[in-house]
Amino acid sequence: MPVQDKFGRPLRDLRISVTDRCNFRCSYCMPKEVFGRNYAFLPKTELLTFEEITRLARVFAALGVRKIRLTGGEPLLRRDIEVLVAMLAEIPDIELTMTTNGAALAEKAQALKDAGLKRITVSLDALDDTTFKAMNEVDFPVARVLEGIEAAHAAGLTPVKINMVVKRGVNEGEILPMARYFHGSGHILRFIEYMDVGASNGWRMDDVVPAKEIVETIHAEMPIEPLDPNYRGEVAQRWRFKDGGGEIGVIASVTQPFCGDCTRLRLSAKGELYTCLFGISGYDLRAPLRSGSDDDALAEAIRNLWQGRQDRYSELRTSATANLPKVEMSYIGG
Ligand code: SAM
Ligand code: SF4
Ligand code: SF4
């Protein structure tokens, strides 16, 4: 029986940030004005080692976690990440996945698969190079991310999921080109409402393109129909193209919050636990980990934290809560 929080939500999913660094500067996540040249990222000694991450992952698995997603920052920037994947892949009954910006995926996909990664999600906000660059400040073409997606598909990290954050007035014009491009590809394109994560992206409700509007835009050109969720608590609402061109997803975290089914816990790169994406501070697990606590003591601390959890930020969101101090998305990985 997995440990449950105050609302009866089981602890099922763990997201592990393996670095707070990233080679992109997405305007909705790490705007360059804040995360510039002088930004102080964590020094290596602050990061959990692969052995520490794996030990914690085993404790989480014993508490009921069934899915682990490696994220960041950009997880492929963590040196020898495939070694960590191989260590985590040895834990029984865990579905191991990763979210990446895809920049280094063409070179890494096969090694990740060989190490035991099951699936991968690649973030891509536009097909048009100018819009892509305007959103993330990188100076390489979209083609490089597309190559990464195909390499992941060829390696068997399937189905590959593509995450597109939609920002009003910036890339909403890419909704249809993206839907057309991935129609019939076997990959699952997921549209994400722009969220007020962190305190640096200058979020405004007006910047959000509601999921309903995204669905209507696609349906008008390429008819779609809803699909049942794969499991309770699935974040994306599933749709399929009526012509058999595959599936898409819509993540309506702002306009249709899903806190009632939220089973996710986040572990930062330096070992803090966040029971909500919109948390202000984390619970430090690294100190007990490094000062000799045994697995039972670590499990007890995690159990207590989860059992006391009352988070439902997205259900309570107002324009006022958007300005509260919150952990950055690049720090705990989305
Ligand atoms: N760097 C990797 C990447 O971009 O895939 C992993 C970390 S990133 C923080 C994880 C996910 O969070 C990405 O799919 C990204 O698009 C999403 N994300 C970041 N900021 C967001 C925001 N303000 N609203 C919605 N999604 C966001
Ligand atoms: Fe980097 Fe991912 Fe955040 Fe973009 S969304 S800045 S790629 S961590
Ligand atoms: Fe979960 Fe917090 Fe997001 Fe609600 S706002 S779905 S509790 S992470």
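As a reminder, the structure under discussion sits directly above these lines.
Here the structure is a predicted model, which is why all the values come from computation and not from measurement.

**Considering the site of ligand 3**
Here is step 1 of the chain: As a matter of local geometry, ligand 3 sits amid F258, C259, C262, R264, R266, C276, L277, F278, R309, D311, Y313 and S314.
Here is step 2 of the chain: For the shell around ligand 3, the secondary structure elements donating two or more residues are strand 10 (264–267) and helix 10 (313–316).
Here is step 3 of the chain: Its residues placed into classes, the shell around ligand 3 shows 7 nonpolar, 1 polar and 4 charged.

**Examining the sheet that holds strand 4 (residues 119–123)**
By definition, the strands of a sheet pair up through backbone hydrogen bonds, in either a parallel or an antiparallel sense.
Here is step 1 of the chain: Taken in spatial order, the 12 strands of this open sheet run 7-8-9-6-5-4-3-2-1-10-11-12, and their pairing is mixed. Of all strands in the sheet, those bounded by a partner on one side alone are strand 7 (224–226) and strand 12 (283–284).
Here is step 2 of the chain: Summarising the sheet, strand 1 (residues 13–17) and strand 10 pair through 4 bridges and their orientation is parallel. Its bridge partner being in strand 10, I16 is matched across the sheet by L267.
Here is step 3 of the chain: Sheet contacts for helix 2 (residues 81–89): strand 2 (67–71) and strand 3 (95–100); angle to strand 3, the most-contacted strand, approximately 155 degrees.

**Some words on the packing of aromatic side chains**
Here is step 1 of the chain: In this structure the tally under the stated criterion is 7 aromatic pairs.
Here is step 2 of the chain: Ring centres of F24 and F132 lie 6.2 Å apart, and the angle between their planes is 85 degrees; this geometry places the pair in the edge-to-face category. One end of the pair, F24, is in the loop between strand 1 and helix 1 (50–62); the other, F132, is in helix 4 (residues 129–136), with 108 residues separating them in the sequence. Here F24 and F132 have matching classes, each one buried.
Here is step 3 of the chain: Plain terms: the ring middles of F24 and F140 are 5.7 Å apart, the flat faces sit at 50 degrees to each other, and that makes the pair tilted. With F24 in the loop between strand 1 and helix 1 and F140 in the loop between helix 4 and helix 5 (142–155), the pair connects residues that are 116 residues apart, well separated along the chain. Residues F24 and F140 agree in their burial class; the two are buried.
Here is step 4 of the chain: Through pairs of rings, three or more aromatic residues link up here, namely F24, F132 and F140.

**With respect to the side chain of D13**
Here is step 1 of the chain: Position of D13 among the secondary structure elements: in strand 1.
Here is step 2 of the chain: Comment: no salt bridge for buried D13; closest opposite-charge side chain is K67, at 4.5 Å.
Here is step 3 of the chain: A distance of 2.5 Å separates a polar atom in the side chain of D13 from a polar atom in the side chain of T263.
Here is step 4 of the chain: When neighbours within four sequence positions are excluded, D13 is seen to be in contact with K67, T263, R264 and L265.

**Topic: unusual backbone geometry**
Here is step 1 of the chain: P159 follows T158 through a cis peptide bond whose omega is -10 degrees.
Here is step 2 of the chain: By the secondary structure assignment, P159 is in the loop between helix 5 and strand 5 (161–166).
Here is step 3 of the chain: With a phi angle near 60 degrees, D93 is a residue other than glycine that sits in the positive phi range.
Here is step 4 of the chain: Structurally, the position occupied by D93 is in the loop between helix 2 and strand 3.
Here is step 5 of the chain: The exposure class assigned to D93 is exposed, which follows from its relative accessible area of 61%.

**Digging into helix 1**
Here is step 1 of the chain: Compared with the 18 Å implied by 1.5 Å per residue over 13 residues, the 18 Å span of helix 1 between its first and last C-alpha is a close match.
Here is step 2 of the chain: Inspection of helix 1 places F50, E52, I53, T54, L56, A57, V59, F60 and A61 among the buried residues, and these make up the whole buried set.
Here is step 3 of the chain: One or two steps after helix 1, the chain reaches G64, where phi turns positive at roughly 120 degrees.

**Structural notes on the packing of helix 3 (residues 105–115) against helix 5**
Here is step 1 of the chain: The N-to-C vectors of helix 3 and helix 5 enclose an angle of 20 degrees; their axes lie 8 Å apart at closest approach. As summarised for this structure, helix 3 and helix 5 are arranged roughly parallel, according to the angle between their axes. Remark: the crossing between helix 3 and helix 5 carries right-handed chirality. Contacts between helix 3 and helix 5 involve L105, A106, A109, Q110 and K113 on the former and, on the latter, E147, G148, I149, A151, A152 and A155.
Here is step 2 of the chain: Residues that form the contact of helix 3 with helix 5 fall into these classes: 7 nonpolar, 2 polar and 2 charged.

Cut-offs and rules
Residues numbered from 1 in each chain as written. Chains lettered and ligands numbered in written order. Predicted model: local features only at pLDDT ≥ 70, side-chain atom pairs only at ≥ 80, totals over all residues. Heavy atoms only, no water. Near = heavy atom within 4 Å. Helix = DSSP H or I, 4+ residues; strand = E, 2+ residues; numbered from the N terminus. Nonpolar A, V, L, I, M, F, W, Y, C, P; charged D, E, K, R; others polar. Pairing = 2+ DSSP bridges. Contact = heavy atoms within 4.5 Å. Axes fitted to C-alpha atoms, helices over the stretch in contact; angles between N-to-C directions. Phe/Tyr/Trp six-rings, centres within 6.5 Å; stacked < 30°, edge-to-face > 60°. Buried < 20%, exposed > 50% of the residue type's maximum accessible area, 1.4 Å probe, protein only. Lys, Arg positive; Asp, Glu negative; His and termini not counted. Salt bridge = Lys/Arg side-chain N within 4 Å of Asp/Glu carboxyl O. Polar contact = N/O pair within 3.5 Å; in protein donor to acceptor, adjacent residues only side chain to side chain. Expected span 1.5 Å × (residues − 1). Parallel < 35°, antiparallel > 145°, perpendicular 65-115°, else oblique. Left-handed = near helix turned anticlockwise from the far one by under 90°.

Such coordinate-based values are descriptive only and should not be taken to indicate function.
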